[in-house]
Amino acid sequence: MRTVWVTGDQLNRRIGALADASPGDTTVLLVESEHALAAGPYHRQRLHLVVAAMRRFAEELRDAGFEVDLRRAATFRDGLDAHRRERRPETVIATEPTSRRMERRMRDAGVELVRSNQFLCHRDDFADWAADQRSLRMEDFYRWQRRRLGYLMDGDQPVTGRWNHDADNREPPPSDGSWPEPETSRLDELDDDVLAGLPVNAWGADPVGWWATSRRAALSRLGHFVDEVLPAFGPHEDAMTTRSWHLAHSMLSPYLNLGLLLPDEVCDRVEVAYRDGDVPINSAEGFIRQVIGWREYVWGLYWLWEDHAEENVLGHDRPLPPVFSDPPATDMRCVDDAVGGVHERGWVHHIQRLMILANLTNLAGIAPGELVRWMRTGFVDGAEWVMIPNVVGMGLWADGGRMSTKPYVSGGNYVNRMSDYCGDCRYDPKARTGDDACPFTTLYWDFLARHREVLAANARMGPVLGNLDRLSDFDDVRSRAAEVVDLLAAGRL
Ligand code: SF4
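Residues numbered from 1 in each chain as written. Predicted model: local features only at pLDDT ≥ 70, side-chain atom pairs only at ≥ 80, totals over all residues. Heavy atoms only, no water.

1. With respect to a negative patch on the surface
Right, on to step 1. Taken together, the side chains of Asp227, Glu228, Asp276 and Asp278 make up a negatively charged region of the molecular surface.
Right, on to step 2. Its place among the elements puts Asp278 in the loop between α10 (263–275) and α11 (281–304). (Patch = residues over 30% accessible without salt bridge, like charges linked within 9 Å, V, L, I, M, F, W, Y side chains within 5 Å. Areas by Shrake-Rupley, 256 points an atom, 1.4 Å probe, with all protein chains shown as cover. Salt bridge = Lys/Arg side-chain N within 4 Å of Asp/Glu carboxyl O. Lys, Arg positive; Asp, Glu negative; His and termini not counted. Charge placed at Lys NZ, Arg CZ, Asp CG, Glu CD. Helix = DSSP H or I, 4+ residues; strand = E, 2+ residues; numbered from the N terminus.)

2. Describing the site of the ligand
Right, on to step 1. Around the ligand, the structure places Met332, Arg333, Cys334, Gly412, Val415, Tyr421, Cys422, Cys425, Tyr427, Pro429 and Cys438.
Right, on to step 2. Judged by the fraction of its atoms near the pocket grid, the ligand is located in the second largest cavity.
Right, on to step 3. For the shell around the ligand, the secondary-structure elements that each account for two or more residues are α12 (333–345) and α16 (412–418).
Right, on to step 4. Grouping the constituent residues of the shell around the ligand by class yields 9 nonpolar, 1 polar and 1 charged. (Near = heavy atom within 4 Å. 1 Å grid on protein atoms, 1.4 Å probe; cavity = no way out; pocket = protein on both sides within 12 Å on 5 of 7 lines; lining within 4 Å. Sits in = over half its atoms within 2 Å of the grid points. Nonpolar A, V, L, I, M, F, W, Y, C, P; charged D, E, K, R; others polar.)

3. Overview of unusual backbone geometry
The general pattern is negative phi for most residues beyond glycine and trans for most peptide bonds.
Right, on to step 1. With an omega of -10°, the peptide bond running from Gly40 to Pro41 counts as cis.
Right, on to step 2. Tracing the sequence through the fold places Pro41 in the loop between α1 (34–38) and α2 (44–63).
Right, on to step 3. You will see that Arg88, though not glycine, has its phi angle at about 50°, which is positive.
Right, on to step 4. Here Arg88 shows up in the loop between α3 (76–87) and β4 (91–95).
Right, on to step 5. One non-glycine residue with positive phi stands out, namely Met251, at about 55°.
Right, on to step 6. The residue Met251 is located in the loop between α8 (215–229) and α9 (253–258) in this model.
Right, on to step 7. Since its relative accessible area comes to 11%, Met251 is described here as buried. (Buried < 20%, exposed > 50% of the residue type's maximum accessible area, 1.4 Å probe, protein only.)

4. Considering the packing of helix α13 (residues 350–363) against helix α14 (residues 368–378)
In a packed pair of helices, the relevant descriptors are the angle between the two axes and the axis-to-axis distance.
Right, on to step 1. Running from amino to carboxyl end, α13 crosses α14 at an angle of 140°, the nearest separation of the two axes being 10 Å. As summarised for this structure, α13 and α14 are arranged oblique, according to the angle between their axes. Two packed elements cross with a definite hand, and for α13 against α14 that hand is right-handed. For the pair α13 and α14, contact is made by Arg353, Leu357, Ala358 and Thr361 and by Leu371, Trp374 and Met375, respectively.
Right, on to step 2. Residue classes in the contact of α13 with α14 are distributed as 5 nonpolar, 1 polar and 1 charged. (Axes fitted to C-alpha atoms, helices over the stretch in contact; angles between N-to-C directions. Parallel < 35°, antiparallel > 145°, perpendicular 65-115°, else oblique. Left-handed = near helix turned anticlockwise from the far one by under 90°. Contact = heavy atoms within 4.5 Å.)

5. Focus on the sheet that holds strand β5 (residues 112–114)
Right, on to step 1. Strand order in the open sheet made by the 5 strands is β3-β2-β1-β4-β5, with parallel pairing throughout. The open sheet has two edge strands, β3 (67–73) and β5, and neither has a second partner. Ignoring strand direction, the axes of neighbouring strands in this sheet form an average angle of 30°.
Right, on to step 2. Of the strand pairs in this sheet, strand β2 (residues 26–33) and β3 are connected by 7 bridges, and their pairing is parallel. For Ser33, the partnering residue across the bridge sits in β3 and is Ala73.
Right, on to step 3. Packing against the sheet, helix α4 (residues 100–108) makes contact with β1 (2–5), β4 and β5, and its axis sits at approximately 135° to β5. (Pairing = 2+ DSSP bridges.)

6. Quick look at the pattern of salt bridges
Should their charged atoms come close, side chains of opposite charge can pair.
Right, on to step 1. This structure, assessed with the given rule, holds 42 salt bridges.
Right, on to step 2. For Arg115, the salt bridge goes to Asp124, with nearest N and O atoms at 4.0 Å.
Right, on to step 3. Taking relative accessible area as the criterion, Arg115 reaches 45% and is therefore assigned partly exposed.
Right, on to step 4. Judged by its relative accessible area of 42%, Asp124 falls in the partly exposed class.
Right, on to step 5. Here the residues in one salt-bridge network are Glu67, Asp69, Arg71, Glu86 and Arg87, joined through shared partners.

7. What about empty space enclosed by the protein?
Right, on to step 1. Applying the stated rule across the entire model yields 4 cavities of 30 Å³ or more.
Right, on to step 2. In this structure, the largest cavity spans a volume of roughly 140 Å³.
Right, on to step 3. Along the wall of the largest cavity there are 16 residues; nearest its centre are Pro182, Glu183, His224, Ser250 and Met251.
Right, on to step 4. By residue number, the principal contributor to the lining of the largest cavity is α8, which donates 4 residues.
Right, on to step 5. In terms of residue class, the lining of the largest cavity is made up of 10 nonpolar, 4 polar and 2 charged. (Points joined across faces, edges and corners; volume = space filled by probe spheres on them.)

8. Considering the layout of surface pockets
Right, on to step 1. Estimates place the volume of the second largest pocket at around 920 Å³.
Right, on to step 2. Lining the second largest pocket are 35 residues, with Ala36, Tyr42, Arg46, Phe76 and Ser99 positioned closest to its centre.
Right, on to step 3. For the lining of the second largest pocket, the elements supplying multiple residues, two or more each, are β2, α1, α2, α3, α4, α9 and α15 (384–395).
Right, on to step 4. Of all the elements, α2 adds the most residues to the lining of the second largest pocket, at 5 residues.
Right, on to step 5. Partitioned by chemical class, the residues of the lining of the second largest pocket number 17 nonpolar, 10 polar and 8 charged.

9. Some words on the environment of Trp5
Right, on to step 1. As for its placement among the helices and strands, Trp5 is situated in strand β1.
Right, on to step 2. Residue classification places Trp5 among the buried residues on the basis of a relative accessible area of 2%.
Right, on to step 3. Considered as a pair, Trp5 and Ile93 are 88 residues apart in the sequence and their alpha carbons are 6.2 Å apart.
Right, on to step 4. With sequence-adjacent residues up to four places away left out, Trp5 is seen in contact with Gln10, Leu29, Val31, Phe76, Leu80, Val92, Ile93, Ala94, Thr95, Met102, Met106 and Val111.

See the structure below:
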């Protein structure tokens, strides 16, 4: 018998080494590493999701006739060694894992690696594509993916003649909008058991059923999203509102990242819904771009740029301020909602991640690695391959533009336009000086002033740097910014 070692983010019988396995020739090994579980420290809902999903996958495999060795051990290596001693497999194989550290660990342990099919573009194919490009633009990669995978295509051209429907997807939240409630799961004995075994350093609220922990439940979430939610996804994709934490977002990323769902089955469902006339093109295209474009682009870059995590061209070195701690306490309504959402659910949507959490981090000069760590450990869909490119490259522009042409920074005006946060906030999004000035607005101008030299090399930053030069209260803004940074560090904003 051979052993297939399955990690906690490869939970699908179609993935790699399991794809051609049968109960007659394969034992499946799953290891819950106590060291890894405590290493974050991680959000309780993230740990619960991964461990419960592993245990339910083990049940699914046993039901299919497989012999499964699901074991808890001090480390992954301890679990593997104990398995080898007890079961004496002829060989141990695994699907290429999703992190460099795990890949090294497996190779060092003599585990044979099988090519992964968990993404639609294998990292070697991404590297081949990248080698032919003058610059690695996501939009070019996305069109290449559309052409070769055939999603929303009419021959060699996009179905509507347009590749990108982003312009239709930037509406602020409607004043009277309502969104379908997400499906939830009832927790059972297995969940209780998982929660009782979590490390003491885990943080955040306990799960209440937002996150599915089996393939069957994840497939149900997919159906609910496509049938009930997707039609409304596009127009308000970038909106933020206190009235709904989920709006029309799919919330499928945790399942894709754990293998409970695979990207082709998700995109196939969306394509069918569009072709049947049930979903408008801006919703279907916006969603498919997130999956075959952005997600796979980030995955490819993680493997291509080994040095990416170390990038810090803006020289930011401050620690994460207390506002990110548990529970958050701040008068900044937008930050309170975003950080509070992470503590409560281990998830907030992409614009809160980008324009609230990453924006604040960048404007306040916080070290990129601090936010990478917090997001990697605090989100139910967190993973190193997701968070390094997304935070270092897109969120913080810490790589100086290797990934995004210009920094995603803004003052309070952007938040005010795209959300309903500012109306009841103690701060004024338009003010940049004084005690009531919005911290985002003050720090935005200070950010431009601090990094003028680096930003001036970017032609797209010319207009905003011109506005900076016209500020009549420049010195007052700089001095208020210094106060804001101190207040933020002291947890008093
Ligand atoms: Fe956030 Fe500033 Fe708006 Fe308050 S005024 S919600 S701090 S952007």
